[in-house]
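Working through the structure, step by step
If you want the building blocks of each chain, they are given just below.
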Amino acid sequence: MADYALVTHPDGWRTVEPKPSPEELKAFYAREYFQGSHGTYSQGYTDQEVRHRHLLARQTLLAVERAMGREPAAGDSLLEIGCGEGWFLKAADQAGFTVRGLDYSDDGLKRFHPDYLDRVTFGDALENLDGLIAAGQAADVCVMEHVLEHVVDAEGLLARLPRLLKPAGVVAITVPNDFSPLQLAAREQGLVSRDFWVAPPQHLNYFNAESLMRLMGRMGFAVQLAFASFPIDWFLMHPGSNYVADGAQGKPAHRARMALDLMMAEQGLAAFLDFGRALFDVGMGRSLTIVAQVA
């Protein structure tokens, strides 16, 4: 997308205009996204990366349990919109949830968790959500990990969630932390020469901690807790680890981030989640997760 502009909503989040067509997006995700190493997806993972993915899934599940006020019970259902390669879907299944998933493409799931193919519906997410709503299906928990930044109609997607949740249901939404105070400081100080986080057509919507909270409140959600992932952007503040100025530093920064997360988690998953909550409170962290209920 060479010709686009970023439009800022009253809540403070930004979106790309003009948007790609549904056909363009469908082609991108079905034919390109999982076949290459885009975003958090890859052709394969090291043992450290697999352990890190399991850790982040368990962190989100603990946050969901806190919002629910209890551990999963028999019959509790979880719907993951954008289940990708299936890492979280498997963790939720192992935690005791009855899981279902939605995604554009089956390529990632076939590669890493083919045993979950029969629990996932593939195709346009909004169309499939509308089908679930029309059929009267609902879940105790709805999870969207790195989905909201990709969709053409972010507000339309959020507006569907209350109709997908059972009474007292919980939604967990993860997005990148973009136009964050740290990113803006890096730009102002000349540590990076561009808004590297702006990347259409992969990302069409951009949120930070403040704008995400405002959007969720306006859309009728009461946030129970929020946390952030390790602030890998901290590495931009040192010339020896600035992975934007020097792309060769990207993989070492990624490995360091995982090692630090895994080390902190050895002190207990609850402490690791609380660290993420503190990061959110100061606007830091590469990704943001909001856990909420319908107000």
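This write-up is about the structure you can find in this document. (Residues numbered from 1 in each chain as written. Predicted model: local features only at pLDDT ≥ 70, side-chain atom pairs only at ≥ 80, totals over all residues. Heavy atoms only, no water.)

Some details on helix H5 (residues 125-134)
Where we set the bar: Each residue's exposure class comes from its accessible area (1.4 Å probe, protein chains only) as a fraction of the maximum for that residue type: buried when under 20%, exposed when over 50%, partly exposed otherwise. Strands here mean DSSP runs of E at least two residues long; helices mean DSSP runs of H or I at least four residues long; both are numbered from the N terminus. By construction, the arc corresponds to the directions joining the helix axis to the C-beta atoms. Note on contacts: a residue pair qualifies if any of its non-hydrogen atoms lie within 4.5 Å across the two residues. Any pair of N or O atoms that falls within 3.5 Å is considered a polar contact. Within protein, one atom must be able to donate a hydrogen and the other to accept it, and sequence-neighbouring residues count only if both atoms are side-chain atoms.
What H5 keeps buried is the set Ala125, Leu129, Leu132 and Ile133. Mapping the buried residues of H5 onto a view down its axis gives an arc of 100°, with all of them on the same face. For H5, the exposed residues lying more than 90 degrees away from the buried face are Glu127 and Ala134. Looking at the buried residues of H5, the elements they touch are strand S3 (77-81), strand S4 (98-103) and helix H6 (154-164). Here H5 starts with a cap whose side-chain oxygen sits 3.2 Å from the backbone nitrogen of leucine 126, and that cap is aspartate 124.

Some points on the packing of helix H9 (residues 250-265) against helix H10 (residues 269-281)
Rules: As a rule, the C-alpha atoms of each element are fitted with a line to give its axis, helices using only the stretch in contact, and angles between N-to-C directions run from 0 to 180 degrees. Put simply, angles under 35 degrees are roughly parallel, angles over 145 are roughly antiparallel, angles from 65 to 115 are roughly perpendicular, and the rest are oblique. Under this grouping Gly is polar, as are all residues other than the nonpolar Ala, Val, Leu, Ile, Met, Phe, Trp, Tyr, Cys and Pro and the charged Asp, Glu, Lys and Arg.
Where H9 contacts H10, the axes come no closer than 8 Å and their chain directions differ by 130°. In terms of axis orientation, H9 runs oblique to H10. Taken together, the residues of H10 that come into contact with H9 (itself represented by Asp261, Met264 and Ala265) are Leu269, Phe272 and Phe275. For the contact of H9 with H10, the per-class residue count stands at five nonpolar, no polar and one charged.

Regarding the sheet that holds S3
Stated precisely, the cut-off is as follows: In this scheme, strands are said to pair when DSSP sees at least two bridges between them.
With mixed pairing, seven strands are arranged side by side in an open sheet as S5-S4-S3-S6-S7-S10-S9. In this open sheet, the two strands that pair with only one neighbour each are strand S5 (120-122) and strand S9 (221-228). Strand after strand, the sheet turns through a mean of 15° between neighbouring axes, direction not considered. Bridge analysis of S3 against strand S6 (residues 139-145) gives three bridges, and the strand direction is parallel. By the bridge assignment for S6, leucine 79 is matched with cysteine 142. Contacting S3, S4 and S5, H5 runs over the sheet at an angle of about 140° to S4. Those strands touched by helix H8 (residues 209-218) are strand S7 (165-176), S9 and strand S10 (287-294), and its axis lies near 20° from that of S10.

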